[in-house]
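Spelled out, the chains give:
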Amino acid sequence: MSYTTKTRLLRIFVYIILAILLVMCVFPVWILLVNATRSTSEIQQGISLIPGNNLVANWRNLTGRGFSITRGFLNSSIISVSVTVLTVYFSMMFAYAVHVYDFSYKKFLYGLVLLLVLVPTQVSIIGFYRYMNALKLTNTFVPLIAPAIAAPGSIFFAKQYLESVILKDLIDAARIDGCSEIGIFHRIMLPIAKPGAFTMGIFAFVASWNNFFTPFMIISKMPKYTLPMLVQTLRGDTYRTEYGSIYLGLAVSIVPIIIVYAIFSKYIVNGIAMGSVKE
Amino acid sequence: MSENIKLRKKGNYEANKKFYGYLFTAPFIIGFLLFSLYPLLYTFYLSFTDMTMMSKSYTIIGFDNFRNLFSDPFFLKALRNTWRIWLLNFIPQLGIAMLLAVWFTNNRLKIKFVGFWRTIFYLPNLLMPVTIAVLFFNLFSFYGPVNQIAVRAGIASSAIDFFRSTGWARSIVIFIQWWMWFGSTLIVLMAGMTSISSTYYEAAMVDGATAFQMFRKITLPLLKPVLVYILVTSLVGGMQMFDIPYMLTDGRGSPNGSIMTMNVLMYMKFSSNKGHIGAAAAVGMMIFIITSIAALLIMKMLKEKEPDLEKNIKKKIVKTVGKEI
């Protein structure tokens, strides 16, 4: 067999594998979205790739049984947006300080951040819960938002990004013009680092939006439930056989993320690469 | 005189720079002390007490919680399960991702739409894990789509009760974990491969090396820092696995404790009738210790015989971490 024929055969084989993986990735999500629009009896009769017309009835059934979707959406949005803002702002600030200023313990501090990226975070949840309980902060959003001030993963990313965009000459020029250090950070650095901040923000938002374990430990009152906690109630007895409504509830929780991904996939995919490898 | 003023000014400026260095890093330090370090130390302390949710007072009981854990068949089972589920999803995950990354970066194959494939393969990683668990529970339920297809296509003679079989339940968790993470691993691997200078390959080509030889002798060694990163981050995540095994069945690792991970066990102890805070904290500390030791061993093992590479941040991580610990 000649060299080119071999390459061609291998190429066909590769595309077949890629197609199989594509179906594996998309099929479950597609079934989920389609079933959200079908009635329970239709779903029980078999699978379909074409949407049905039972969306409105499913929605009524879903929201009529205590699945307070707007509330959950609002709660999740408040938490995720706050986390995103805090993470981006304070991580940029830390990375900027390490990048631009010289001070003692700088090396130690950045080493600590790199170490913390690798430390399991959920193991201290019991202490965290008792501690928040003692401060009467359980069933509030504070324990879910405030820790975003110290986000080692984001700092690592911010440091990588700043190294590629920050110009020391520009900072010096601003100093000569009489701009204060705090002013330089806000008026020169943040605007320059916008694309990086944006990518960081998407990751912080998605991580917070999808987080189940921490709110599950901290929140116990239904009106404060976040979206993942509401989704968890779909496994309970209330919706036992209401498959259409269950699928709709699941769809509502992932559609916003799918939309964000469809628009910003380039930022996200490049962001993962940037957060892990430096050229 | 003027020299003196200049010097003083410079000294002032240096002091100023130091001040802003401390000011700008202060929020992180405060946040870290309040929300990371203190809870960790407090959990450590709690793991030596017999505190429960119900009782007001508690006593320090030393290592009793840990001693109980090692004579508790549930904990040993959870420990085994966590490792088994992580290893069985990580190996194929790395394998497939490596294969795809080699294909995507191969100049001879010229695979089209690499960006599109990567984007699709990464999608599962962004979806809410709780949603994925409930979705797969429905897909694999007794009357669900998977059974419908299997029976109609004649693959299975009758519907399979997936969540009553320990083997099936565990396989589904492993599959979901693999499904969620192979795209992410692929992207990181590709970033590592494309950052390897092409001159190495050109030189090897001149010397008549085969594709496989180049992979073994150039790609793999130069990829080591990236591999360490993937291995360690995956390990840290895998040891804390909770959402999928908790949501897939009854939250107690059914059937027969086959998908009970260490984190699920910690939650079970915490949420039990009595609310064993001390015992749950001890499980948390065990996860911490096991993960740290394993991560350290991995980094130590892979650090030896490291070839001279271009300056790479991953190496820096390995070194810093190694030193700190």
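The rules behind these values
Residues numbered from 1 in each chain as written. Chains lettered and ligands numbered in written order. Predicted model: local features only at pLDDT ≥ 70, side-chain atom pairs only at ≥ 80, totals over all residues. Heavy atoms only, no water. Contact = heavy atoms within 4.5 Å. Buried area = accessible area lost by both parts, 1.4 Å probe. Salt bridge = Lys/Arg side-chain N within 4 Å of Asp/Glu carboxyl O. Polar contact = N/O pair within 3.5 Å; in protein donor to acceptor, adjacent residues only side chain to side chain. Helix = DSSP H or I, 4+ residues; strand = E, 2+ residues; numbered from the N terminus. Nonpolar A, V, L, I, M, F, W, Y, C, P; charged D, E, K, R; others polar. 1 Å grid on protein atoms, 1.4 Å probe; cavity = no way out; pocket = protein on both sides within 12 Å on 5 of 7 lines; lining within 4 Å. Points joined across faces, edges and corners; volume = space filled by probe spheres on them. Buried < 20%, exposed > 50% of the residue type's maximum accessible area, 1.4 Å probe, protein only. Core = buried A, V, L, I, M, F, W, Y, C linked by side-chain atoms within 4.5 Å.

**Q** Give me the interface of chain A and chain B: which residues, what numbers.
**A** Taken together, the 104 residues of chain A in the interface contact 99 residues of chain B. Taking both partners together, chain A and chain B bury about 9,300 Å²; carbon and sulfur atoms supply 77% of that area. Summed over the shared surface of chain A and chain B, the result is zero salt bridges. At the boundary of chain A and chain B, one finds 21 residue pairs in polar contact (both at pLDDT 80 or more). Per-element accounting of the side of chain A that touches chain B gives the leading share, 19 residues, to helix α1 (residues 3–35) of chain A. Residue classes in the side of chain A that touches chain B are distributed as 77 nonpolar, 18 polar and nine charged.

**Q** Give a detailed account of the layout of surface pockets, specifying residues and quantitative values.
**A** The space that makes up the second largest pocket amounts to roughly 920 Å³. Around the second largest pocket, the lining comprises 28 residues; the ones closest to its centre are B:V102, B:T105, B:N106, B:N107 and B:Y201. At the level of elements, α1 of chain A together with α3 (73–105), α7 (166–194), α8 (198–206) and α9 (211–222) of chain B are the ones that each hand at least two residues to the lining of the second largest pocket. With six residues, the top contributor of residues to the lining of the second largest pocket is α3(B). For the lining of the second largest pocket, a count of residues per class yields 16 nonpolar, nine polar and three charged.

**Q** Residues and numbers for the environment of B:W179, please.
**A** The topology assignment puts B:W179 in helix α7. Counting along the chain gives 132 residues from B:W179 to B:S47, while the straight-line C-alpha distance between them is 35 Å.

**Q** Which residues make up the side chain of B:T25, and what values go with them?
**A** Structurally, B:T25 is set in helix α1 (residues 2–46). Within polar-contact distance, the side chain of B:T25 engages the backbone oxygen of B:Y22 at 3.3 Å. Residues in contact with B:T25, not counting those within four places in the same chain, are A:F94, A:A97, A:F103 and A:L109.

**Q** Kindly report on empty space enclosed by the protein, identifying the contributing residues and their values.
**A** Evaluation of the coordinates by the stated rule reveals three cavities of 30 Å³ or more. In this structure, the largest cavity encloses a volume near 70 Å³. Forming the boundary of the largest cavity are A:I43, A:Q44, A:Y243, A:Y247, B:N138, B:S141, B:Y143, B:G144, B:P145 and B:Q148. Elements that contribute at least two residues to the lining of the largest cavity include exactly α2 (40–45) and α14 (243–276) of chain A together with α6 (145–152) of chain B. Grouping the constituent residues of the lining of the largest cavity by class yields five nonpolar, five polar and no charged.

**Q** Hey, could you go over the pattern of salt bridges for me, with residue numbers and the actual values?
**A** Taken as a whole, this structure holds eight salt bridges over all chains when the rule is applied. Between A:D172 and A:R175 there is a salt bridge, with its nearest N and O atoms 3.2 Å apart. A residue pair is termed a helical-turn pair when its members lie 3 or 4 positions apart in one helix, as A:D172 and A:R175 do in helix α9 (residues 168–176) at three residues. A relative accessible area of 17% places A:R175 in the buried class. One salt bridge in this structure joins B:R252 and B:D250, with 3.6 Å as the shortest N-O distance. A single salt-bridge network, built from bridges that share partners, covers A:D172, A:R175 and A:E181.

**Q** Quick one: what's the story with the nonpolar core, residue by residue and with numbers?
**A** Judged by nonpolar contacts, the single largest core of 158 residues is most densely connected at A:I126, A:Y247, A:L250, B:L100, B:F104, B:F121 and B:W179. Beyond its immediate sequence surroundings of up to four residues, A:Y247 is in contact with A:L32, A:N35, A:A36, A:I43, B:L135, B:N138, B:L139 and B:P145. Residues A:L112, A:L116, A:I155 and A:C179 belong to the second largest nonpolar core, which totals 39 residues.

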